[in-house]
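# Structural overview
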2 protein chains.
Amino acid sequence: MPSPESDELRAIYQSWTDRMTAAPDMDLPTMRNLFEEWHIPTAEPTGVSYEEADAGGVPALWCIPAGGAADRVLLYLHGGGFVVGSIATHRKIAGHLAKAVGVRVMVIDYRRAPEHPFPAQVEDAVTAYRWLLAQGVEPGHIATTGDSAGGNLAISLVLKVRDDGLPLPAAILPMSPWLDMEHLGKTLESNAATDALVSTAILQGMSGMFLGERGSPTDPLANPLHADLKGLPPMYIAVGGHETLQDNAERFTELARVAAVDVTLEVVPEMQHVFTFSAGRAPEADTTITAMAAWVRPRLGLT
Amino acid sequence: MPSPESDELRAIYQSWTDRMTAAPDMDLPTMRNLFEEWHIPTAEPTGVSYEEADAGGVPALWCIPAGGAADRVLLYLHGGGFVVGSIATHRKIAGHLAKAVGVRVMVIDYRRAPEHPFPAQVEDAVTAYRWLLAQGVEPGHIATTGDSAGGNLAISLVLKVRDDGLPLPAAILPMSPWLDMEHLGKTLESNAATDALVSTAILQGMSGMFLGERGSPTDPLANPLHADLKGLPPMYIAVGGHETLQDNAERFTELARVAAVDVTLEVVPEMQHVFTFSAGRAPEADTTITAMAAWVRPRLGLT
């Protein structure tokens, strides 16, 4: 059984599903406003302060934990199907990661679809990464992370960085990544009854806006399940066992292993999409964040 | 002319007005989601951390400025017509006040109308005030503040505290307070063309939900323009010159002077409703917050 606190995330997702079902013609501003509720399940992290930044033209927010290392950075790409979500929805979850890892986290407001289709999101993520390097942050002192569509970006940005011949970050930590723009996963059906938010219909709507007129669902930078993963840094992937996207994480893990990438997959039973949103409230979320932190700290050169 | 940064607040208000006009049957959850955008014009204040609290059963958030006095408190009541708005919409504006004054600010999620009509909001504000006293905070080290409907609560909570025979706080700082539940102000018409958000129609809708079946628009705790103001602590009131609610502040100031209350009124030309929402971005907002801080610090025993 999920903890009562984790079940609150499911209840919020169910309320969104109910509201979207009741208003099938919901316009985009209303849907974006609805998803801004995403911050609600996350407790306010103590001992974290914030500072806006301009990361080479990309709006960004630093989450700064008291006593953390100033020279190590997690670059956080927020979820929301490339269409919804923002710095505001993810400030608190990023703050919990900042505290747990003991480093600054930078969340960015990349351009969203459909106003800005693929590859605008990848480009903005790469811009922010390049900006960090230009600030003097060592690539080996950076890890990328993100949830859902942001988990995709945390990977695709590194693929682009590799293809561009830039130095790679030390690690990638995708949470409940959404990678498959073809909607081929078997858990889309087998977990349809347990996932309170993510349905094939929603994914089709989001991928349509993301890819726009010209993007391909098999472009490796839109769908890392089609990417050459060789040479990627170590990865820690967390996903919930009640998610329709569960096998996005599983298939990607298998492909990474075949490509000789050091990859760890954590499937947490009965958890919803991006269950780490319950950070500071639910034991499952805190346990996973603690595990992510313990895994990434030595890879960032921290003891 | 307002600064370009202050004009951004007007533009956001105009977009809300346009969206509400286009959807006259907008349901309450959608309207609440829309007003959650209220945090957007406010810059993230640096050097402030946050901590959730339970203020005697009322959900609360501490805004804690680095290096601030730990034993002085501003109790912040958020605006939103008693119906919308939350800790999340007002966290950043409260953080700016915390930094400027150099004290902790506590924002509370009082129960909202129409689910909880008057006097639930006043009761929750008083509960939070009593909780502060029970924590050992000196009443003379507390000031109440708030915007719009929260400016009303910042006053009415002190009226209730006085009537209950409790010790009074040191000061009250209402910003753009909404006090008149009878909608009698002359600026309702004379500023109708310049106020991008607050119309008589909106106020009537909000006051109907606030007062419910049994509340009276002339109850002194719902409408402090009908209250006996004798013995109230010093007050600093800020309001914008483009506001339909401008004369709520002006009439209240006059009544306070007649009751021999020490009251300062600042009318900032051409500013919108709660123009201090542009804190950290617009010079007008920062100037007013600086003036509020300079005024209240000695009244809290700070030099």
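In what follows, the accompanying structure is described. Keep in mind the model is a prediction, meaning the values are calculated, not measured. (Residues numbered from 1 in each chain as written. Chains lettered and ligands numbered in written order. Predicted model: local features only at pLDDT ≥ 70, side-chain atom pairs only at ≥ 80, totals over all residues. Heavy atoms only, no water.)

### Considerations on unusual backbone geometry
Residues and elements named next belong to chain A.
- Omega for the bond connecting Ala113 with Pro114 falls within 30 degrees of zero, at 0 degrees, which places this linkage in the cis form.
- Looking at where Pro114 falls in the secondary structure, it is placed in the loop between strand 4 (103-108) and helix 4 (120-134).
- Cis peptide bonds are those with omega within 30 degrees of zero, and the linkage from Phe118 to Pro119 qualifies with 5 degrees.
- Turning to its location among the elements, Pro119 is positioned in the loop between strand 4 and helix 4. (Helix = DSSP H or I, 4+ residues; strand = E, 2+ residues; numbered from the N terminus.)

### So, the environment of Val48 of chain B
- With respect to the element layout, Val48 of chain B can be found in strand 1 (residues 48-55).
- In the structure, Val48 of chain B is positioned 48 residues away from His96 of chain B in sequence and 8.4 Å away in space, judged by C-alpha atoms.
- For Val48 of chain B, the residues in contact, after removing those within four places along its chain, are Val48, Ser49 and Tyr50 of chain A together with Cys63, Ile64, Pro65, Gly95 and Lys99 of chain B. (Contact = heavy atoms within 4.5 Å.)

### Examining the pairing of strand 6 (residues 171-175) of chain A
Residues and elements named next belong to chain A.
- Strand 6 sits mainly inside the fold: five of its five residues count as buried.
- Burial along strand 6 is two-sided: Ala171, Leu173 and Met175 and Ile172 and Pro174, pointing in opposite directions, are all buried.
- Across five bridges, the pairing between strand 5 (residues 142-147) and strand 6 is parallel. When the sheet's bridge partners are listed, Gly146 is paired in strand 6 with Pro174.
- You can see the chain leave strand 5, run along helix 5 (residues 149-163) and come back into strand 6, and the turn it takes is right-handed. (Buried < 20%, exposed > 50% of the residue type's maximum accessible area, 1.4 Å probe, protein only. Pairing = 2+ DSSP bridges. Right-handed = clockwise from strand over helix to strand, strands pointing away.)

### With respect to the packing of aromatic side chains
Residue and element names in this part refer to chain A.
- Counted under the stated rule, the structure contains 21 aromatic pairs over all chains.
- With 5.7 Å between their ring centres and 40 degrees between their planes, Phe82 and Trp178 make a pair best called tilted. In this pair, Phe82 sits in the loop between strand 3 (69-77) and helix 3 (87-101) while Trp178 sits in the loop between strand 6 and helix 6 (187-190), placing the two residues 96 residues apart along the sequence.
- With a relative accessible area of 0%, Phe82 lands in the buried category.
- Residue Trp178 is classed as buried on the basis of its relative accessible area, which comes to 1%. (Phe/Tyr/Trp six-rings, centres within 6.5 Å; stacked < 30°, edge-to-face > 60°.)

### Here's the deal with the relation of the copies chain A and chain B
- Its rotation angle being 180 degrees, the transformation that places chain A on chain B also includes 0.0 Å of axial translation and leaves an RMSD of 0.0 Å. Classification of the inter-copy transformation places it as that of a two-fold axis.
- Both copies present the same face, since 100% of the interface residues in chain A are matched by interface residues at the equivalent positions in chain B. (Least-squares fit on C-alpha atoms with pLDDT ≥ 70 in both.)

### Observations regarding the sheet that holds strand 7 (residues 235-240) of chain B
Residue and element names in this part refer to chain B.
- Spatially, eight strands are ordered 1-2-4-3-5-6-7-8 in an open sheet, and the strand pairing comes out mixed. Every other strand in the sheet has two partners, leaving strand 1 and strand 8 (263-268) as the edge strands with one partner each. Strand after strand, the sheet turns through a mean of 20 degrees between neighbouring axes, direction not considered.
- On top of the sheet, helix 3 (residues 87-101) reaches strand 1, strand 2 (58-65), strand 3 (69-77), strand 4 (103-108), strand 5 (142-147) and strand 6 (171-175); it is set at about 40 degrees to strand 2, its chief contact.
- Of the strands in this sheet, strand 5, strand 6, strand 7 and strand 8 are in contact with helix 9 (residues 283-299), which crosses strand 6 at around 170 degrees. (Axes fitted to C-alpha atoms, helices over the stretch in contact; angles between N-to-C directions.)

### With respect to the pairing of strand 5 of chain B
Residues and elements named next belong to chain B.
- Among the six residues of strand 5, six are classified as buried, and the element is accordingly described as predominantly covered.
- Alternating positions in strand 5 separate into two faces, Ile142, Thr144 and Gly146 on one and Ala143, Thr145 and Asp147 on the other, with burial throughout.
- Sheet topology note: the strand 3/strand 5 ladder contains five bridges and is parallel. Pairing of Leu75 across the sheet is with Thr144, part of strand 5.

### Quick look at the packing of helix 1 (residues 4-22) of chain A against helix 2 (residues 28-35) of chain A
All names here are of chain A.
- In the contact formed by helix 1 and helix 2, the axes pass within 11 Å of each other and the chain directions differ by 165 degrees. Here helix 1 lies roughly antiparallel to helix 2, going by the angle between them. Where helix 1 crosses over helix 2, the two elements pack in a sense that is right-handed. Residues Trp16, Arg19 and Met20 of helix 1 touch helix 2, and the partners they reach there are Met31, Leu34 and Phe35.
- When the residues that make up the contact of helix 1 with helix 2 are grouped by side-chain class, the tally is five nonpolar, no polar and one charged. (Parallel < 35°, antiparallel > 145°, perpendicular 65-115°, else oblique. Left-handed = near helix turned anticlockwise from the far one by under 90°. Nonpolar A, V, L, I, M, F, W, Y, C, P; charged D, E, K, R; others polar.)

### Digging into the pattern of salt bridges
- This model, assessed by the stated rule, comprises 28 salt bridges over all chains.
- Linking Arg111 of chain B and Asp124 of chain B is a salt bridge whose minimum nitrogen-to-oxygen distance equals 2.9 Å. One end of the pair, Arg111 of chain B, is in the loop between strand 4 and helix 4 (120-134); the other, Asp124 of chain B, is in helix 4, and 13 residues separate them in sequence.
- Salt-bridge contacts for Arg251 of chain B lead to Asp247 of chain B; the nearest nitrogen and oxygen are separated by 3.8 Å. With Arg251 of chain B and Asp247 of chain B both in helix 8 (residues 246-258), this residue pair falls four residues apart, about one helical turn.
- Given the relative accessible area of 3%, Asp247 of chain B is considered buried.
- Residues participating in the shared-partner salt-bridge network are Arg111, Glu123 and Asp124 of chain A. (Salt bridge = Lys/Arg side-chain N within 4 Å of Asp/Glu carboxyl O.)

### Comments concerning the sheet that holds strand 1 (residues 48-55) of chain A
Residues and elements named next belong to chain A.
- Ordered in space as 1-2-4-3-5-6-7-8, the eight strands form an open sheet in which the pairing is mixed. Either end of the sheet is taken by a strand with one partner, and the two such strands are strand 1 and strand 8 (263-268). Across the sheet, the mean angle from the axis of one strand to that of its neighbour is 20 degrees, orientation sign disregarded.
- Each of strand 3, strand 5 and strand 6 touches helix 5; the most contacted strand, strand 5, lies at about 150 degrees to it.
- Packed onto the sheet, helix 9 (residues 283-299) meets strand 5, strand 6, strand 7 (235-240) and strand 8 and runs at close to 170 degrees relative to strand 6.

### Here we look at the interface of chain A and chain B
- Tallying the contact residues gives 23 residues for chain A and 23 residues for chain B.
- Its largest share of buried area at the contact with chain B, chain A owes to Asn33, Glu44 and Glu52 of chain A, together 33% of the area lost on that side.
- Summed over the shared surface of chain A and chain B, the number is two salt bridges.
- For Arg281 of chain B, the salt bridge is made with Glu52 of chain A, and the minimal N-O distance between the two is 2.9 Å.
- Between the two partners, chain A and chain B, sit eight residue pairs in polar contact (both at pLDDT 80 or more).
- Of all the secondary-structure elements, those providing two or more residues to the side of chain A that touches chain B are helix 2, strand 1 and helix 3 of chain A.
- Per-element tally for the side of chain A that touches chain B: the top contributor is strand 1 of chain A, with five residues.
- Taken together, the residues of the side of chain A that touches chain B break down into eight nonpolar, seven polar and eight charged. (Buried area = accessible area lost by both parts, 1.4 Å probe. Polar contact = N/O pair within 3.5 Å; in protein donor to acceptor, adjacent residues only side chain to side chain.)

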